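# Structural overview for review
For reference, the chains in residue letters:
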Amino acid sequence: MKFAAVLLTITSASAAPVDFVREVRPILEKHCYECHGAKKQKSGLRLDIKSEALKGGDTHAPDIVAGKSADSALINLITTTDEDEVMPPKGRLPAANIEILTRWINEGAVWPDGVDLAKLEDRRDHWAFKPLMVSGSKFQVSNSSPNTFPGAPGTLNLKLETNRLDSFIDAKLAEKGLHRSPPADPVTWLRRVTFDLTGLPPTPEEVAAFLNDKDHEAVVGRLLNSPRYGEHWAQHWLDVVRFADTHGFEVNTERPNAWPYRDYVIRAFNNDTPYDRFIKEQIVGDAMGEDAATGFLVTASVLLPGQIGKDEPSKRLARQDSIDEMVVNIGQTFLGLSIGCARCHDHKFDPISAKDYYAMQAFVAGVEYGERDLRTPEALAARERLKEVKAKLAELDKQLSRFVPLAKSGVKRPMVVPRENRDRFMPVKAKRVRFTIRDTNNLEPCIDEFEVFTTTGENIALNASLTVSGEKVSADRHEQRFVNDGHYGNSRSWMSNEVGKGWVMVEFAQEQEIDRVLWSRDRQGKFKDRLATSYVIEVADASGTWKTVADSDDRQRFDTRDRTQPAFSTQGLQKEEVGEAKRLLDQKRPLDEELQRLDASQKVFAGTFRTPDDIHVLNRGDPEQPKESVAPAVLSALGDLKLATETPEQQRRLALAKWIASPQNPLTARVMVNRLWQGHFGTGLVETPSDFGRMGIKPTHPELLDWLAAEFIRSGWSVKHMHRLIVTSETYRQRSGGVMEYGVHANPTLQNSNTPNPNEIDSESRLLWRFPSRRLDAEVIRDSMLAVSGLLDLKMHGRGFNLFDKRGGLTGFEPVETLTPENTRRMIYAHKVRREPEAVFGAFDCPDAGQSTAVRRSSTTPIQALNLFNSRFTLDTASAFATRVQKEAGADIAAQITRAYHLALNRPPSSKELREATPEVREHGLAVLCRALFNSNEFLFLP
């Protein structure tokens, strides 16, 4: 420390001022630029440019404090005695150099302008941040008539004129001496466009109709108007936003009401919701009559309250992580930018500062991950119906109570069951009711609802105050508030924190006359563990005196081996009473089932909203190191919109949505049309669809990208118009074959000409000299197998079907292998368990929603062949396929083979195929051929 102190106090009144160019810069050049220069900026510090050096790095900024060398991190780091921190790390600076740098800072750190040897790169000077350019001019939006052209919403049946799209492709090919391939045959195009727009193959009847009239426009119109279109294209969107029906992380519990967002996306595509409105609905749908749409904000994984530490730092970190996921989702989905990279420091490549990042956080600082009531017309109607159902059930329960033996009457009552237990007793005055559990069939007791009824049939527990012995909270479930909330099921239950023990007590505002208690472990009948098998029910009147009114001692003995006991027993009833009780039970059963459906349909996991947090820039992204407060503001490189800190929560999101959806935003339209192009050609014009920043790949056809983006805006943001534009182009209708189908290379007499070989120039057809064939997505393969086998259930929307034996949790997931009417729906309706790939088709690169999947990488692995040839799913669908063919083609084997080829491949078998297949079918059965067709490249690839 003496060494440092002496150097810091060196002064020389007679010495001339330190000259930066002659004395300071040579020191920095020799010892600092290697780590803090143009090529590398460790810790975010750059010392070869004045503005950056005086701004400082990520950790100690400012590193140079003019006039105060003692406060300057630069001097502290070159004079420290700590060998682990001293700079430069390769060896201490000579004392003379330290003296020069110290004097220079103390003299004011004079750094003349215009002397830097390097020039700071303007990161805003990037193609994606510039306005759209069409025909060499800046694109101007006309507000007066944005939809006056063929293909605008409502005019999808109009024929398009000459497609300018092809001219851009031809111009780029000409630069390489290439040209487009000949058109594909009609059936190939039909098969391609049908898969592309609906995710299903055309039927033989659709093929025959098209061959008869060759009307491409009519086909495209039919496919775009099909409900199957929205189901298929919604999957692309859900990949990007990482939608799933579970929370993720280790616990991975179910989000039972996430599915309305999935259905919203399907409807939006089918309705051709203008894309600018689609954006706004997903950010502020609660203000636009689209409650489910804001599910977009909360699609990512999140830690739930039971998984977060109880200390305040843990809570602050978890909150930061949850807001970060929203900002990341908004940035990469709509803007194609990696905004999240600026969470800990200024973005290393794009013009996004840490302050920009936290200002974007401020727009969503009042959003929480959670459920809220749906306010759609359907949900409001369901709530009214729910009231009716509950009233009818209450009346039936009141009538059934006449047949329930009184507790302590000497008559053995039915054993306890998980679904519904009734304890009836003589009317008694009660101010409080206590349910004490003495033992369970295993583990801590769990109760999903505790109901107390008056002699008039009213459940007064709903409005009672509640106390419990303790609770074992687990990932937003098993909380005491669920005991008397009127909702049933394991996800709305209370769990004690003691094995085999616990108690629940309700207290009323005033004394009530009651005559029965109804309680359940799981009214939905899914869980049978943690059941209270021994208990006592006590009541206390206004005086506070406790009295036992029922217990489990007079119930039949609980048999752990028998889980099928009914919730109501007719034992001990007279013959006429048995008939009446059964009649009432028959009326009650469908109402119980309807109650569960209605109860589940009124919530949506689409975020809850509250007063926004006060957002600060965080040093190194650490919530425990807050710096200056920031107000909501858009990325400074793309706009100057800034809101006041007192702006209400919803108004913040509305302002953000309008800015993103503006035609003036240079990224929004470009990003979306690129995603659409990728969906049709396999690769976008920009190969990195969620990164249009400086680390992304430049577009292969920048003029075409801007023309498409401008056309998208001019169309009124019609997604269907863009599909129509692409699939009716000559570029899209090309053959997909290799060089032998390409122009002169198909002519043997010209094989030795000077015409370039396109495979050598562009082997992946990024320039689109041929249509790039690719393997179908996992969902398309599964859905197509079901479709051709005649098993596909086209029921739309609603709660997802199960691919596994459980819908979430800690333990492993066993696949549901048996085909049922429920799981033969399209795969988009499957309950998606995060981080758990589907047993058969997960091998085909189906995303697990752990991260955003903007591009599905196509792998080839042995497990794919094994799954597709030997799985129970393949065997069952092949068998159903064979049954369908036999029914439609009759007993003739040649007719059966021909029909199978038409259904699976949309063509008849060749004479060779028919000749080879006939003896195999005769010896091994038609199902073997059907399985072989499922495994053929012709079935699995887009032609």
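Predicted model, so just to flag it, every value in this text is computed and none were measured. (Residues numbered from 1 in each chain as written. Predicted model: local features only at pLDDT ≥ 70, side-chain atom pairs only at ≥ 80, totals over all residues. Heavy atoms only, no water.)

## Some remarks on the overall build of the chain
- Along the backbone of the chain there are 29 helices and 18 strands.
- Based on the C-alpha atoms only, the size of the chain along its principal axes is roughly 110 × 90 × 55 Å.
- Counting across all 943 residues of the chain, residues that qualify as buried make up 54%.
- Summed over all atoms, the accessible surface of the chain reaches about 41200 Å², with 52% contributed by carbon and sulfur. (Helix = DSSP H or I, 4+ residues; strand = E, 2+ residues; numbered from the N terminus. Buried < 20%, exposed > 50% of the residue type's maximum accessible area, 1.4 Å probe, protein only. Areas by Shrake-Rupley, 256 points an atom, 1.4 Å probe, with all protein chains shown as cover.)

## Some details on unusual backbone geometry
- Cis geometry is found at the peptide bond from Met87 to Pro88, where omega equals -5 degrees.
- Position of Pro88 among the secondary structure elements: in the loop between helix 5 (73-79) and helix 6 (95-106).
- The backbone of Lys214 shows a phi angle near 55 degrees, a positive value even though the residue is not glycine.
- Here Lys214 shows up in the loop between helix 9 (204-213) and helix 10 (216-224).

## Comments concerning the nonpolar core
- Formed by 162 residues in total, the largest nonpolar core has its most connected members in Trp237, Tyr275, Phe334, Trp677, Leu708, Phe841 and Phe881.
- Of all the elements, helix 20 (residues 702-714) adds the most residues to this core, at eight residues.
- Apart from residues no more than four positions distant in its own chain, Phe881 is found in contact with Val788, Ser789, Ala900, Leu903, Ala904, Cys930, Leu933 and Phe934.
- Counting residues in each nonpolar core, the second largest holds 31 residues, with Phe425, Val428, Val468 and Phe508 among its members. (Core = buried A, V, L, I, M, F, W, Y, C linked by side-chain atoms within 4.5 Å. Contact = heavy atoms within 4.5 Å.)

## Regarding the side chain of Asn619
- Within the secondary structure layout, Asn619 lies in the loop between strand 15 (616-618) and strand 16 (626-629).
- Overall, Asn619 belongs to the buried group, its relative accessible area being 14%.
- Contact partners of Asn619, with chain neighbours within four places excluded, come to Asp58, Gln625 and Lys627.

## Brief notes about the packing of helix 26 (residues 893-905) against helix 27 (residues 911-924)
- Closest axis-to-axis distance for the helix 26/helix 27 pair is 10 Å, and the angle between their directions is 115 degrees. When the axis of helix 26 is compared with that of helix 27, the two are roughly perpendicular. Note that helix 26 runs across helix 27; the crossing there is right-handed. In this structure, helix 26 contributes Ile893, Ala894, Gln896, Ile897 and Tyr901 to the contact, and helix 27 contributes Glu913, Leu914, Ala917, Thr918, Val921 and Arg922.
- Taken together, the residues that form the contact of helix 26 with helix 27 break down as seven nonpolar, two polar and two charged. (Axes fitted to C-alpha atoms, helices over the stretch in contact; angles between N-to-C directions. Parallel < 35°, antiparallel > 145°, perpendicular 65-115°, else oblique. Left-handed = near helix turned anticlockwise from the far one by under 90°. Nonpolar A, V, L, I, M, F, W, Y, C, P; charged D, E, K, R; others polar.)

## Looking at the packing of aromatic side chains
- Summed over the entire model, instances satisfying the criterion amount to 33 aromatic pairs.
- Here Phe168 and Trp707 contribute two aromatic rings whose centre-to-centre distance is 5.7 Å and whose plane-to-plane angle is 40 degrees, an arrangement assigned as tilted. Here Phe168 is found in helix 7 (residues 165-175), whereas its partner Trp707 is found in helix 20, with 539 residues between them in sequence.
- Aromatic pair Phe841 and Phe873: ring centres 5.3 Å apart, planes at 90 degrees, arrangement edge-to-face. You can see Phe841 sitting in the loop between helix 23 (778-788) and helix 24 (862-870) and its partner Phe873 sitting in helix 25 (residues 872-889), a full 32 residues away along the chain. The same class applies to Phe841 as to Phe873, namely buried.
- Clustering of aromatic rings is evident, with ring pairs tying together Tyr229, Trp237, Phe243, Tyr261, Tyr264, Phe269, Tyr275, Phe278, Phe296, Phe334, Phe712 and Trp717.
- Lying across the ring of Phe609, Arg653 places its NZ or CZ 3.9 Å from the centre.
- Sitting over the face of the ring of Trp769, Arg770 holds its NZ or CZ atom 5.2 Å from the ring centroid. (Phe/Tyr/Trp six-rings, centres within 6.5 Å; stacked < 30°, edge-to-face > 60°. Lys NZ or Arg CZ within 6 Å of the ring centre and 35° of its normal.)

## Re the environment of Asp783
- For Asp783, the location among the structural elements is in helix 23.
- Considered as a pair, Asp783 and Val840 are 57 residues apart in the sequence and their alpha carbons are 13 Å apart.
- Setting aside residues no more than four positions away along its own chain, Asp783 makes contact with Gly199, Leu200, Leu792, Arg825, Arg826 and Met827.
- Engagement of the side chain of Asp783 in a polar contact is seen with the backbone nitrogen of Met827, the distance being 3.0 Å. (Polar contact = N/O pair within 3.5 Å; in protein donor to acceptor, adjacent residues only side chain to side chain.)

## Overview of helix 10
- Counting buried positions over the nine residues of helix 10 gives seven, a clear majority of the element.
- Those residues of helix 10 not exposed but buried are His216, Glu217, Val219, Val220, Gly221, Leu223 and Leu224.
- Along its buried surface, helix 10 packs onto helix 8 (186-198), helix 9, helix 11 (227-241) and helix 21 (719-727).
- Two to three positions downstream of the cap, the backbone nitrogen of Glu217 sits 3.2 Å from a side-chain oxygen, assigning the N-cap of helix 10 to Asp215.

## Some words on empty space enclosed by the protein
- Counted under the stated rule, the structure contains eight cavities of 30 Å³ or more.
- Put simply, the largest cavity is a space of about 220 Å³.
- Lining the largest cavity are 20 residues; nearest its centre among them are Glu779, Met827, Ala830, Lys832 and Cys846.
- Its residues assigned to classes, the lining of the largest cavity comprises 11 nonpolar, two polar and seven charged. (1 Å grid on protein atoms, 1.4 Å probe; cavity = no way out; pocket = protein on both sides within 12 Å on 5 of 7 lines; lining within 4 Å. Points joined across faces, edges and corners; volume = space filled by probe spheres on them.)

## Points about the packing of helix 11 against helix 19 (residues 668-681)
- One way to put it is that helix 11 packs onto helix 19 with a least axis distance of 11 Å and a crossing angle of 120 degrees. In terms of orientation, helix 11 lies oblique with respect to helix 19. Relative to helix 19, the crossing made by helix 11 is right-handed. Residues Trp233, Trp237 and Val240 of helix 11 form the contact with helix 19, whose participating residues are Met672, Arg675, Leu676, Gly679 and His680.
- Class assignment of the residues belonging to the contact of helix 11 with helix 19 gives a composition of five nonpolar, two polar and one charged.

## Thoughts on helix 14 (residues 312-335)
- Over its 24 residues, helix 14 extends 34 Å from the first C-alpha to the last, a length consistent with the 34 Å expected when each residue adds 1.5 Å.
- Immediately beyond the C-terminal end of helix 14, within one or two residues, lies Gly336, with a positive phi of roughly 65 degrees. (Expected span 1.5 Å × (residues − 1).)

## Describing the pairing of strand 7 (residues 449-454)
- Of all six residues that make up strand 7, six are buried, and the element is covered over most of its length.
- Covered by surrounding structure in strand 7 are Glu449, Glu451 and Phe453 together with Phe450, Val452 and Thr454, the residues of both alternating faces.

## Focus: the state of the cysteines
- Within the structure shown, the criterion is met by zero disulfides.
- Left without a disulfide partner, Cys32 is nearest to the cysteine sulfur of Cys35, which lies 8.7 Å away. (Disulfide = S-S within 2.5 Å.)

## Let's talk about the environment of Arg434
- Structurally, Arg434 can be placed in strand 5 (residues 421-440).
- We classify Arg434 as partly exposed; its relative accessible area is 22%.
- Every residue in contact with Arg434, bar those within four places of it in the chain, is listed here: Val504, Met505, Val536, Ile537, Glu538 and Trp546.

## Quick notes on the pattern of salt bridges
- Tallied over the full model, the rule gives 70 salt bridges.
- One network of salt bridges, with partners in common, ties together Glu205, Arg884, Glu888 and Arg899. (Salt bridge = Lys/Arg side-chain N within 4 Å of Asp/Glu carboxyl O.)

## Structural notes on the environment of Ala391
- As for its placement among the helices and strands, Ala391 is situated in helix 16 (residues 377-400).
- With relative accessibility at 46%, the residue Ala391 sits in the partly exposed group.

## Structural notes on the side chain of Gln332
- Here Gln332 shows up in helix 14.
- Discounting residues that sit within four places of it in the chain, Gln332 has contacts with Val240, Arg242, Leu337, Arg675, Ser690 and Ser852.

## Here's the deal with the pairing of strand 12 (residues 546-551)
- As paired strands, strand 11 (residues 532-540) and strand 12 are joined by five bridges and run antiparallel to one another. Looking across to strand 12, one finds that Val539 is bridged to Lys547.
- Taking the residues between adjacent antiparallel strands as the criterion, strand 11 and strand 12 are bridged by five residues, where Gly544 takes a positive phi near 95 degrees. (Pairing = 2+ DSSP bridges.)

## Examining the confidence of the model for the chain
- Scored by pLDDT, the chain has a mean of 87; 91% of the residues are at 70 or more.
- Here helix 1 (residues 2-8) is the element of the chain with the lowest mean pLDDT, 44, and helix 13 (residues 275-284) is the one with the highest, 98.
- This model gives residues 1-14 a pLDDT under 50, and the stretch forms 13 contacts once residues within four places in sequence are excluded.
- Low pLDDT, under 50, characterises residues 144-162; the stretch is placed with 39 contacts to residues that sit more than four places away or in other chains. (pLDDT = per-residue confidence, 0-100.)

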